[in-house]
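Observations on chain architecture
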Amino acid sequence: MKILVVEDEPAIVYMLRYNLEKQGYQVIDTEKGGDVIELATAQKPDLILLDWRLADNVDGVDVCYALRKNQRLHQIPIIMLTARAQDGDKVKALGTGADDYMTKPFSIVELLARIKAVLRRAAPMAAGETLKFADLDMDMAQCKVFRSGKPIHLGPTEFRLLHFFMRHPRKVFGRDELLSQVWGDNIHVEDRTVDVHIRRLRRSLGDPDIIRTVRKTGYALDDSAG
Ligand code: CA
């Protein structure tokens, strides 16, 4: 996942980059609001962290409006960073199209949690996205899955599970991580639930098995599994 940081305070950029990269995100940054459209078009970030007041005096709110009006960029989730509590209220009141906002100084732990939440909400809606892995195709616009061209019927949880795997193919995920990524941090389900849904997903996808079980670790989408 790639995050575009639009921020003119070097110390905050440094802190964000350090923490986001530690979490496995790829980070690109700019201090200028005027660069955002071009940069986002070229780099296709999965999320934008957008400061309110920027180096070139372009307002973060105007950048937000411009992103929402742009045909190719309008679906990218935006979290606004504001310097004062009142600015946060304004973001809310203005209906800028930002998905969330945080007031400085913010807790990095909370920001990371919000980033995760916003990405999770946005992911299934990414219009027109088609994910491919081995002989699997996932058409996000139609919410349909095909294996070797044949439609596969999945329940909503299996769909989200497969979507998550297809976004991170061959990577092994533990049950805890799958729970937090697919079910959400606030929902209380047992580890065993993951196994149940993995079993259902496997059954629906058929042979050859495309989900690899890594003993004592977790699961991965892997075409060498079967
Ligand atoms: Ca600023």
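**Looking at unusual backbone geometry**
- Cis geometry is adopted by the peptide bond preceding Pro105, which originates at Lys104 and carries an omega value of -5°.
- Here Pro105 is to be found in the loop between strand E5 (100-103) and helix H5 (108-122).
- In this structure, Pro208 follows Asp207 across a cis peptide bond, with omega equal to -10°.
- By secondary structure assignment, the location of Pro208 is in the loop between helix H8 (191-205) and strand E10 (211-214).
- Located in the positive-phi region is Lys216, a residue other than glycine, with phi close to 65°.
- Inspection of the secondary structure assignment puts Lys216 in the loop between E10 and strand E11 (218-221).

**Description of the coordination of the calcium ion**
- Donor atoms from the polypeptide that coordinate the calcium ion comprise Asp8 (OD), Asp51 (OD) and Arg53 (O), at 2.1 to 2.4 Å from the metal.
- Read in sequence order, the donor residues for the calcium ion give the motif D-x42-D-x1-R. With Asp8 in the loop between strand E1 (2-6) and helix H1 (10-22) and Arg53 in the loop between strand E3 (47-51) and helix H3 (60-69), the pair connects residues that are 45 residues apart, well separated along the chain.
- Accessibility expressed as a relative area gives 24% for Asp8, which makes it partly exposed.

Rules used throughout
- Residues numbered from 1 in each chain as written.
- Predicted model: local features only at pLDDT ≥ 70, side-chain atom pairs only at ≥ 80, totals over all residues.
- Heavy atoms only, no water.
- Helix = DSSP H or I, 4+ residues; strand = E, 2+ residues; numbered from the N terminus.
- Donors = N, O, S within 2.8 Å, 3.2 Å for Na, K, Ca; no water.
- Buried < 20%, exposed > 50% of the residue type's maximum accessible area, 1.4 Å probe, protein only.

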